[in-house]
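Topology and contacts: notes
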Amino acid sequence: MKKYTRQRLILDIIQNNEVKTQSQLSQLLREHGVKATQATISRDIKELRISKVQADDYEYKYTVIDTVHDSMNKRLEKIFKASVLSVEENNDLIIIKTISYTATVCGLYITNVKLENIAGIITGHDTIFISPKDTGEKHQLIEKIRSLVK
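Let us look at the structure shown here. Note that the structure is a prediction, hence the values are computed from the model and not measured. (Residues numbered from 1 in each chain as written. Predicted model: local features only at pLDDT ≥ 70, side-chain atom pairs only at ≥ 80, totals over all residues. Heavy atoms only, no water.)

1. Focus: the environment of A39
Here is the rule: For helices the rule is a DSSP run of H or I covering at least 4 residues; for strands it is a run of E covering at least 2, with both sets numbered from the N terminus onward. A 1.4 Å probe rolled over the protein chains alone gives each residue an accessible area, and that area as a share of the maximum for its type sets the label: buried under 20%, exposed over 50%, partly exposed in between.
By the element assignment, A39 lies in helix α3 (residues 38-47). The class for A39 is partly exposed, based on a relative accessible area of 37%. As a C-alpha pair, A39 and D12 span 27 residues in sequence and 20 Å in three-dimensional space.

What follows is the structure, encoded as structure tokens:
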């Protein structure tokens, strides 16, 4: 079996099963007619960016890193929407007021969304300062940030 096909199967198995060990993954591969050594499986796990995360039952299982990242962004989005109190402008800056001690998390969410026209972000306990690259397009950036709050 070709490497690509084996790795595609590994991703499918991990996304559709709670795989907790490499030996369990090896067994599931064998059930699909794939014989792979522990070293091969280990390399595949690394190349596919598969990691172990704690499941709801407090045991660890394999998952694809991108899935973890997506889950994190969803959590950050919820915090952002619940925490932002206002989005205003002051001269060349955009100032976002948040609930106390949430500005850093909200700033991380804005960074992860990868909005255009942001030169830099500074966060405090309850305030985020955003400097636009192009102040002429500052109002579009403000509207985009406000739409993220909704």
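2. Things to note about the nonpolar core
Stated formally: Definition of nonpolar core: a set of buried residues of the types Ala, Val, Leu, Ile, Met, Phe, Trp, Tyr and Cys, connected through side-chain atoms within 4.5 Å. By the convention used here, residues are in contact when the closest approach between their heavy atoms is within 4.5 Å.
Of all hydrophobic cores here, the largest spans 18 residues; its most connected members are F80, I94, I96, I110, I130 and I145. Among the elements of the structure, α4 (65-83), β3 (84-90), β4 (93-98), α5 (103-113), β6 (127-132) and α6 (138-149) are those that each provide at least two residues to this core. Contacts of I94, omitting those with residues within four sequence positions, involve V87, E88, E89, I128, F129, I130, P132, K138, L141, I142 and I145. If you look at the next biggest cluster of nonpolar residues, it comprises 16 residues, including L11, I41, L48 and V64.

3. Observations regarding the pattern of salt bridges
Which entries qualify depends on this criterion: For salt bridges, the criterion is a side-chain nitrogen of Lys or Arg within 4 Å of an Asp or Glu carboxyl oxygen.
On inspection of all chains with the given rule, the structure shows 10 salt bridges. With a shortest N-O distance of 3.6 Å, D57 and K20 are connected by a salt bridge. One end of the pair, D57, is in the loop between β1 (50-54) and β2 (60-64); the other, K20, is in the loop between α1 (3-16) and α2 (22-31), and 37 residues separate them in sequence. Since its relative accessible area comes to 40%, D57 is described here as partly exposed. The shortest N-O distance in the salt bridge between K138 and E89 comes to 2.9 Å. Here K138, found in helix α6, pairs with E89, found in strand β3; they are 49 residues apart in sequence, far enough to count as distant. For K138, a relative accessible area of 5% corresponds to the buried category.

It is worth stressing that arrangement in space is one thing and function is another; only the former is reported here.
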